[in-house]
Amino acid sequence: MTLAYDASGDGPALVLLHSAVCDRRMWDSQWSALVEAGYRVVRCDFRGFGQSPLPDRRHNDAEDVLDLLDSLGVQQAALIASSYGGRVAVEIAARRPDRVSAMVLLASGLPGHEPTDELRAFGEREDALLEAGDIAGAVELNVDTWLGPDAEEAVRDAVREMQRRALEVQLAAPEGAGRSGVEIDLSAVKAPCLALSGGLDLADFRQIAARLPGLFPNTRHIELPWACHLPSLERPGAVTDLLIGFLRETVPAG
């Protein structure tokens, strides 16, 4: 099964990977600007999000993205990835460093990260709400946790819609569905990287971003003091400018 995706533009390839709170629609505000900047832009829904259903077997998101790129004839791409999407991007960059020209990781997860008590408590609260059948409560928990004060109400509504869709798809998962993980070597990552973190985010993601310059070569970390966990939605224009500035340095178009 091919992932649901959009593709537009010409030039160096960019792949936009969404967070587990959203789906590929989270990049609506960046889409046109990146295409107009001279890039071939691809965005997809991971399985269990947006328009990509879950199969009745285990799957690996990094392998799904690589399969999608193969089907599009994309040999190498820059990865722009948010939260869980960042974890997938790092796995791709470690397993297939030849396929990744650069990375921007926004409030990224990291393979092997041991969650703090704060993040575990969030997961336990979300699980309790879902086990009680309170999808609306779980959606609001995510909106309240992951969006900062700069997010407009329209953005909060969009995240509500994307998160509800993901939860509904995942709760209806067929028997046998689920993610399969693999061991990866972080020292294999070679692509230049910009790590963005939010000053208002949970400690896990601020700590991961601060670690990345010591883990990956040619990596820069910028903390955005105004941001929570989804800066590309909270101040889309500011983040778009950062993305294009970094891409012009690392994978210039034209």
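Here the residue index of a chain counts from 1 through its sequence in written order. Per-residue local features are limited, in this predicted model, to residues with pLDDT of at least 70; the limit for side-chain atom pairs, both in listing and counting, is 80 or more; totals at the level of whole chains, interfaces and linings are taken over all residues. To get the side-chain values, all heavy atoms of the structure are used, and hydrogens and water are removed first.

J.: Teacher, can you tell me more about the overall build of the protein here?
T.: A tally of regular secondary structure across the protein gives nine helices and nine strands. At 17 Å, the protein has a C-alpha radius of gyration in line with the 18 Å of a compact globule built from 254 residues. By principal-axis analysis of the C-alpha atoms, the protein measures approximately 55 × 40 × 35 Å. The classification of residues rests on relative accessible area computed with a 1.4 Å probe and restricted to protein chains. Under 20% of the type maximum is buried, over 50% is exposed, and intermediate values are partly exposed. Burial statistics for the protein: of 254 residues in total, 55% are counted as buried. Once local pairs closer than 6 in sequence are excluded, the contacts in the protein between residues at least 24 apart make up 76%. Only the protein chains shown count as cover for residues, and all accessible areas are computed by the Shrake-Rupley method using a 1.4 Å probe. Surface exposure of the protein reaches about 10,700 Å², of which carbon and sulfur atoms provide 47%. Both charge centroids of the protein, one from 24 positive and one from 39 negative side chains, sit 4 Å from each other. Think of it this way: any DSSP run of H or I at least four residues long counts as a helix, any run of E at least two long counts as a strand, and we number them from the N terminus. Throughout, radius of gyration means the C-alpha value; the globule benchmark is 2.2 Å times the number of residues raised to the power 0.38. The contact criterion used throughout is that any non-hydrogen atoms of two residues lie within 4.5 Å. When charges are counted, Lys and Arg are positive and Asp and Glu negative, with His and the chain ends excluded. Charged side chains are reduced to one point each, which is NZ for Lys, CZ for Arg, CG for Asp and CD for Glu.

J.: Teacher, can you tell me more about the sheet that holds strand S9 (residues 219-224) here?
T.: Each strand in a sheet pairs with its neighbour through backbone hydrogen bonds, running either in the same direction (parallel) or in the opposite one (antiparallel). Two strands qualify as a pair provided that DSSP identifies no fewer than 2 bridges between them. Strand order across the open sheet formed by seven strands is S1-S3-S2-S5-S6-S8-S9, with mixed pairing between neighbours. The open sheet is flanked by strand S1 (5-8) and S9, the only strands paired with a single partner. When the angles between neighbouring strand axes are averaged without regard to direction, this sheet yields 15 degrees. Judged from the four bridges that link them, S1 and strand S3 (residues 40-44) form a sheet pairing that is antiparallel. The partner of aspartate 6 across the bridge, within S3, is arginine 43. To obtain an axis, a line is fitted to C-alpha atoms, over the contacting stretch when the element is a helix, and the angle between two such axes runs from 0 to 180 degrees between their N-to-C directions.

J.: Is there a simple way to think about unusual backbone geometry in this case?
T.: Residues other than glycine predominantly adopt negative phi, and peptide bonds predominantly adopt the trans conformation. Notably, serine 83 is not glycine yet its phi reads approximately 55 degrees, a positive angle. Along the chain, serine 83 falls in the loop between strand S5 (77-82) and helix H3 (84-95).

J.: I'm lost on the side chain of serine 197 in this one. Help?
T.: Here serine 197 lies in strand S8 (residues 193-198). Owing to a relative accessible area of 2%, serine 197 belongs among the buried residues under this scheme. Looking at serine 197, its side chain comes within polar contact range of the side chain of histidine 221, at 2.7 Å. Setting aside anything within four residues of it in sequence, one finds serine 197 in contact with Phe205, Arg206, Ala209, His221, Ile222, Glu223 and Leu224. Polar contacts here mean pairs of N or O atoms no more than 3.5 Å apart (in protein, one a potential hydrogen donor and the other a potential acceptor; neighbouring residues in sequence count only if both atoms are side-chain atoms).

J.: Would you mind showing me how to read the side chain of glutamine 163 here?
T.: Along the chain, glutamine 163 falls in helix H6 (residues 153-171). Among residues more than four places away in sequence, those in contact with glutamine 163 are Ala20, Val21, Glu126, Val139 and Asn142.

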